[in-house]
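Structure assessment
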Amino acid sequence: MPVPGMIQKRMHILFLTDNFPPEGNAPATRTFEHAREWVAQGHKVTIITGAPNFPEGKVYEGYKNRLYSREQMDGIDVRRVVTYITANEGFIKRILDYVSFMVTAFIAGLLVHKPDVIVATSPQFFCAVGGWMLAATRFKPFVFELRDIWPASITAVGAMKPSRTIRMLEKLELFLYRRADRIVSVTQSFKRELIERGIDGAKIDVVLNGVDLSKYQPMPKDAALAQQHVLEGRFVAAYIGTHGMAHALDTIVEAAERLQHRDNICILFAGGGSDAARVEALVREKQLSNVVFLGRQDKSLMPRIWSLCDLSVVHLRDTELFRSVIPSKIFESFAMGLPVLMGVPEGEATGIVAKEQAGMVIPPQDVDAMVAAIEKLADDAGLMAEYREHALAAAPRYDRKTLASDMLDSLKTLI
C-alpha cells in the first residue's frame, strides 16, 4: 500500500493483453474496466493487444490484422499489433498465436514513451514473457497478472498429456513467477498454490474478478428478444460464456434432453468457443426443441441477454485444478439478480455462492443433480426470490471500481 503522506505521481501503466474489447471474454472485460477506472483516477494507460478475433479466430468487422495501429477507447491508448490468428483450438496453432503476440507486443512496447510499470496478463503466459522482456529491457517493474494456472489447465481439460513440452512450460512458468516484481492473482487459491511452490507470498496480491454495476442491474425481460426466441412464459436456465473443453457442456445438453417433458423450461446457450459447433451439432442430433442458441454476442448486448434468464448455470469439468477457479460470470449474475446453479468442483467459487446464499451447488458433470436442481428452482418461486435477494445484496462486494482501485494500490507499491 502507498506510504501515508507520500505524493502519488501520475503513473503511466503499460499493459500487455491478448484480449481486449470489442472482445467480450473475462480477460478483455477485466482489463478494460480496470484501465478505464485508472484513467478516471488520473493515470495514463497504454494497452498493447492484437486485432479482436476471440474465440472464432476471425477478425471482427471493422478491424484488420495490421502490422500496427492505434485507437482511443474511453481515454485508454490502445495499440494493436499483428499476430498469427487462429481459432481457440489446436495446441500448435495456439502456441504460434501466443508466441507471435509475445514478439510483436515486445517490439511495440519499445515504442511506448516512458512507462512507469509494465503489466502482462495470463492465462497464456507467453504474453507475460513479452512483459518480462520489456520490463528487463527498459528497467521497469514487472507485474504478472495471474488469471489461470497455465500450462496445468492444458492437461486438466485433456488438450495435452504430461510430456517434456509441458515440463518445459512449467519451468518457464516458475521463472516468470520468480522474476515478477509483483503478482496479482484473481483467486486466493492461486496465491496459496504459488506459495506452496516456493514463490514469496509477500509479493502476491489478490484482486478478484467483479462486475461493472453501472451496466449490470436487474431489468425486465427484453420483450422483443423473448418473443424472437420463443421464451415468453418459460423458465430460462442459461449457460452464458465461452464454450470450451473446460466447460463439459455435454452435461447441460443431457440435462436438456431429460427436461423435454417440461414445456415451461428452456435451456439457453449464449457465447462462442472451440466447442460451440460440436455442442450445437449434438443438440441437432438429439432433436432437442427446448434448447436455444444465441451465439457470441457483442458485450454491449449482454445485459439484454442476461435479462432473458431466470437462472445462471455455471459449469466446469470435474477436475482438481478447477477447484481454484472463479468463473467471472457469477458476479454478473449477482448484479442482474439471478440465482446461480454451480456445477463446479468444490472450492473457492462454490464457497462464494454458498457464503452469499445466492444459489445452489451441485457436483460437476452430474446430469441427475442438474435436472433435479433446475426442476426444483423452476417450481419453487419462494426459493428463487430468496436467492435473487441474496444475489443482489452480494453484488456491491464485487464492484469493479473498488477492485480496480485495489489493483492500482498494488501497482503503486512499485513506483
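Overview of the structure. Source: prediction; values computed, not measured.

Quick notes on the overall build of the protein
For the protein, the count of helices and strands is 15 helices and 14 strands. Against the compact-globule benchmark of 22 Å for 415 residues, the protein has a radius of gyration of 21 Å, which places it among compact chains. Taking the principal axes of the C-alpha coordinates as reference, the protein spans close to 65 × 50 × 45 Å. The burial tally for the protein puts 57% of its 415 residues in the buried class. With the model as given, the accessible surface of the protein reaches about 17400 Å², and the carbon-plus-sulfur share is 53%. When the 49 positive and 49 negative side-chain charges of the protein are each reduced to one mean point, those points stand 8 Å apart.

Observations concerning the pattern of salt bridges
Counting across every chain of the model gives 23 salt bridges. The shortest N-O distance in the salt bridge between D77 and R70 comes to 2.9 Å. A residue is classified by how much of its surface remains accessible, and D77, at 6% relative accessible area, is buried. Using a relative accessible area of 52% as the deciding quantity, one classes R70 as exposed. If you follow the salt bridges from partner to partner, you end up with R70, D77 and R79 in one network.

A few points about the layout of surface pockets
In this structure, the second largest pocket encloses a volume near 250 Å³. In terms of lining residues, the second largest pocket is bounded by 14 residues, among which P21, F32, K215, K299 and S300 are the most central. The leading source of residues in the lining of the second largest pocket is helix α1 (residues 26–40), at three residues. Taken together, the residues of the lining of the second largest pocket sort by class into six nonpolar, three polar and five charged.

Rules of the game
- Residues numbered from 1 in each chain as written.
- Predicted model: local features only at pLDDT ≥ 70, side-chain atom pairs only at ≥ 80, totals over all residues.
- Heavy atoms only, no water.
- Helix = DSSP H or I, 4+ residues; strand = E, 2+ residues; numbered from the N terminus.
- Rg over C-alpha atoms; globule rule 2.2 N^0.38 Å.
- Buried < 20%, exposed > 50% of the residue type's maximum accessible area, 1.4 Å probe, protein only.
- Areas by Shrake-Rupley, 256 points an atom, 1.4 Å probe, with all protein chains shown as cover.
- Lys, Arg positive; Asp, Glu negative; His and termini not counted.
- Charge placed at Lys NZ, Arg CZ, Asp CG, Glu CD.
- Salt bridge = Lys/Arg side-chain N within 4 Å of Asp/Glu carboxyl O.
- 1 Å grid on protein atoms, 1.4 Å probe; cavity = no way out; pocket = protein on both sides within 12 Å on 5 of 7 lines; lining within 4 Å.
- Points joined across faces, edges and corners; volume = space filled by probe spheres on them.
- Nonpolar A, V, L, I, M, F, W, Y, C, P; charged D, E, K, R; others polar.

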